[in-house]
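Chain by chain, the residues:
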Amino acid sequence: MSIGGELRYSSGGMSPVRPLIVIAFLPFLAWCQTPGLVYSRVLPVFSGGNITSGIVSAIAADAAGNTYLTGSTENPAFPVTAGAPQTTFGGGTCTAPTYNPLLPPTSYPCDDAFILELDPHGNVVFGTYLGGSAFDEATGIAVDSAGNIYVAGTAGRNFPTTTGGPFGSSTSASAFLAKINPATGLVYSYLIPGLGGKVSVAVDAQGDVYFAGDYSGFATTPGALQGKGGIVVGKLNAAGTKLVYGAQFGGTSGVLGEAAAGIAVDSSGNAYIAGTTSSTDFPTTTGAFQTTLPGRFAAAFVAKLNASGSALVYGTYLGGSDLEIASQIRLDAQGDAYVLGLSDSTDFPLTPGAFQTANTDIGYTGFLSKFKPDGSSLVFSTYIAGAFGFSTGTNPLFSVGSFDIDSAGDVFLTGQAGSGFPVTPGATQSCLAGGGSDIFVAEFTPQGKLSAASYLGGSGGDSAQVIAVNPDGTVTVAGRSWSPDFPVTMGPEPWIDYVVARLQIADASRPEKPCMSLALQNGASFIEGPVAPGELVTLRGNHFGPDTGQPATVDSTGRLPAALAGVRVFFDTTPAPLLYVQSQQINLQAPFELAGKKSTSIHVEYQGVSSRTAQIAVEDAAPDFFRRLPSQQGVIFNSDGSLNSPSNPAAVGSAVWILGTGGGLFTPPIPTGAMAPFTPLSKLALTPTVRIDAGIPAQVQYAGSSPTAPSGVFQINFVVPPVGTYSSTHTVDVTIGPGYTNPLQTVSIAIGQ
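Residues numbered from 1 in each chain as written. Predicted model: local features only at pLDDT ≥ 70, side-chain atom pairs only at ≥ 80, totals over all residues. Heavy atoms only, no water.

1. Quick look at the environment of Ala622
1) Next: In this fold, Ala622 is placed in the loop between β43 (614-617) and β44 (624-625).
2) Next: Judged by relative accessible area, which is 13%, Ala622 ranks as buried.
3) Next: Spatially, the C-alpha atom of Ala622 lies 21 Å from that of Leu681, the residues being 59 residues apart in sequence.
4) Next: The residues touching Ala622, leaving out its near neighbours within four places in the chain, are Asn522, Pro530, Ala532, Glu535, Thr661 and Gly662. (Helix = DSSP H or I, 4+ residues; strand = E, 2+ residues; numbered from the N terminus. Buried < 20%, exposed > 50% of the residue type's maximum accessible area, 1.4 Å probe, protein only. Contact = heavy atoms within 4.5 Å.)

In structure tokens form, the structure reads like this:
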């Protein structure tokens with residue numbers, strides 16, 4: 001028997017066992033300690049009223065390293081500060097439809113907009129609600145050199161406003177623009193009639209304020225650009241008393257319409273707007289990068305509006321043959337415009353040497369493009385997703401949240417990534433913590449080359465929506481965490497709430513340390529979950545084993561080793577038998593001695609250096625079946641000992657057998673780390689139930705050890721029952737005591753007549 005990249009089983013007492021079982025070792029990553037973490041804390045915008053309530057939508061940073069966040073919250077315990085413009089939650093009741101049309105809509109507290117300022121250490125400097133008795137959300141934020149905060153977004157009923165503004169009075173307007181001084185309060189707050197969509201905001205060195213959104217009857221000003229399209233841009237003077245210009249531009253809008261996504265302003269007062277259009281007559285300019293709609297649905301656009309708001313300096317499409325959506329725009333000191341968005345095209349315009357050259361996602365993938373100052377060509381353009389995703393069969397898990405740039409033109413990007421994300425040496429967290437996804441943070445040079453990258457997260461799913469780069473080169477990210485063990489440095493653990501963290505992405509001079517996932521995977525299915533006594537499991541990580549994989553061999557007593565190539569794994573204080581060790585993956589057997597425990601502490605030692613400890617729940621059984629990866633075809637043997645497959649189905653009424661792990665204890669017991677003997681055969685201590693297609697019971701003839709296999713492997717022999725149709729897509733699942741196979745990722749069996 002060879003243990004590691006493959007397991008070979010010879011024939012046992014119950015059924016002939018001739019074929020080869022291959023257990024694939026995917027390059028899966030996990031969690032590590034966080035030496036580069038400056039601070040991390042909960043951002044309590046969610047209180048459980050409605051799972052869709054509460055969001056962090058925008059972020060800004062100032063020259064002193066303070067962070068400013070905005071979005072919406074329905075949490076009455078949001079950290080407001082004394083003397084803030086609004087210290088109590090605005091309230092109101094909102095409703096949401098249910099999935100069952102026969103049930104009434106559910107009610108929950110409406111969100112208020114919020115504004116929060118944190119100092120460089122993560123302490124709250126200023127916090128306020130901003131909202132009325134209906135749904136309110138801020139979607140854009142900016143800060144000036146004097147510390148004034150500008151927010152824009154969507155307003156509902158009774159939104160707090162001030163008098164004397166340039167927009168007149170309106171009770172039906174749905175967009176707002178507000179200026180807040182943390183020391184003195186609300187400077188102004190205006191509703192903007194005729195403006196809709198995602199409202200973004202920017203401020204220039206003189207304190208003039210720029211906003212962009214979607215046209216919904218907005219009244220333009222004389223002398224400003226008077227277009228026919230769906231994009232609105234406005235400029236307000238520093239005092240907030242005059243609308244310097246209100247412009248409109250765009251096309252006649254195709255099937256998907258037009259929408260603004262973001263605005264930026266240069267030192268001369270030119271405004272840069274990014275968005276999405278399906279108009280074939282969008283106002284592009286001569287010499288621009290793309291002057292005709294490139295796709296069949298919609299494309300991103302980038303437009304530069306002159307300082308007086310009277311004309312476009314340039315206007316261009318950005319896209320491939322399918323559909324693109326712009327989400328954000330940034331501007332460097334040279335006037336280069338950077339655009340982030342999503343692409344559904346396989347021919348999105350890329351530049352030579354792009355970081356990622358193919359759209360491998362099923363659906364949208366991210367893109368990042370940098371334009372020259374005149375909008376005529378691209379400095380760099382790349383896909384930025386797909387390659388980072390762990391595919392569960394169809395769609396890799398990766399999404400782009402936000403980006404920022406520093407004074408040197410370096411790009412800082414964040415979002416959500418699964419396994420395979422290309423971390424760099426000295427990363428703050430060099431591996432995926434578990435839960436399928438973590439926050440990712442990455443830095444690219446002004447030429448679009450990756451220079452630093454790291455994960456950040458816990459054992460649940462984590463994602464980031466916004467990022468800001470600080471003057472010292474650290475970044476601040478904010479997003480949602482579903483991890484009870486997200487690495488916080490102050491306050492409580494998050495457990496389904498937003499988090500904000502400031503970190504150094506990577507330090508190449510920092511020594512690499514063992515990094516271990518906070519979640520275990522069943523060794524047959526690679527699905528995360530609790531552990532059962534004796535189960536074969538897989539740990540994911542980084543730098544916790546040799547670069548070249550080392551399979552184990554049994555010793556003279558027929559046992560697996562507890563130390564291999566400098567690696568040891570401990571369940572509490574008990575060393576675990578090892579099957580395979582490598583720098584990113586360890587296969588091992590959980591001790592049968594876990595029986596009776598509710599949880600266990602696991603850590604890895606490599607060359608004498610320990611990883612962080614993970615707390616894993618223990619169940620009496622946590623079964624799953626081996627697969628013929630990468631398919632979901634189970635490792636199932638027909639009655640003649642041949643491997644079951646679509647071309648070799650099992651007949652109804654015949655006996656087949658299947659292998660799995662996580663079945664729990666055996667009777668009589670088999671020692672941890674031993675190979676199961678031919679005699680005596682050990683039966684599973686808990687009774688299994690096998691079903692075909694989630695409901696058709698199958699008669700179990702035998703359920704127990706599989707001779708010559710590691711003692712954590714179980715074998716179940718069952719009779720194939722009659723089924724309605726005969727195909728290669730029937731599913732097989734098992735319940736063993738309290739444990740059952742994952743209903744979302746069942747294995748398949750081929751059945752013939």
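2. Observations regarding a nonpolar patch on the surface
1) Next: There is a patch of nonpolar side chains on the surface, built from Ile325, Leu342 and Tyr364 and spanning about 230 Å² of accessible area.
2) Next: When its relative accessible area of 38% is taken as the criterion, Tyr364 is described as partly exposed. (Patch = residues over 30% accessible without salt bridge, like charges linked within 9 Å, V, L, I, M, F, W, Y side chains within 5 Å. Areas by Shrake-Rupley, 256 points an atom, 1.4 Å probe, with all protein chains shown as cover. Salt bridge = Lys/Arg side-chain N within 4 Å of Asp/Glu carboxyl O.)

3. A few points about the state of the cysteines
1) Next: Across all of its chains, the model carries 2 disulfides by this definition.
2) Next: Note on cysteine connectivity: Cys94 is disulfide-linked to Cys110, with sulfurs 2.0 Å apart. The sign of the S-S torsion, about 115°, decides the handedness of the disulfide formed by Cys94 and Cys110: right-handed. Linking Cys94 in strand β6 (residues 93-96) with Cys110 in the loop between β7 (106-109) and β8 (112-118), this pair joins segments that are 16 residues apart in sequence. (Disulfide = S-S within 2.5 Å.)

4. A few points about the environment of Asn644
1) Next: Considering the arrangement of structural elements, one finds Asn644 in the loop between β45 (636-637) and β46 (650-651).
2) Next: Linking Asn644 and Ser748, residues 104 residues apart in sequence, is a C-alpha distance of 9.8 Å.
3) Next: Those residues in contact with Asn644 that lie beyond four places of it in its chain are Arg628, Gln633, Ile636, Phe637, Asn638, Pro649, Ala650, Ile749 and Ala750.

5. A short note on the sheet that holds strand β23 (residues 337-343)
1) Next: Taken together, the 4 strands give an open sheet; going across it, the order is β22-β23-β24-β25, and neighbouring strands pair in antiparallel fashion. Edge strands, defined here as strands with exactly one partner in the open sheet, are β22 (324-331) and β25 (378-383). Strand-to-strand twist across the sheet, computed as the mean angle between neighbouring axes with direction ignored, equals 15°.
2) Next: Sheet analysis places β22 next to β23, joined by 7 bridges and oriented antiparallel. Considered in β23, the bridge of Ala326 is made with Gly341. (Pairing = 2+ DSSP bridges. Axes fitted to C-alpha atoms, helices over the stretch in contact; angles between N-to-C directions.)

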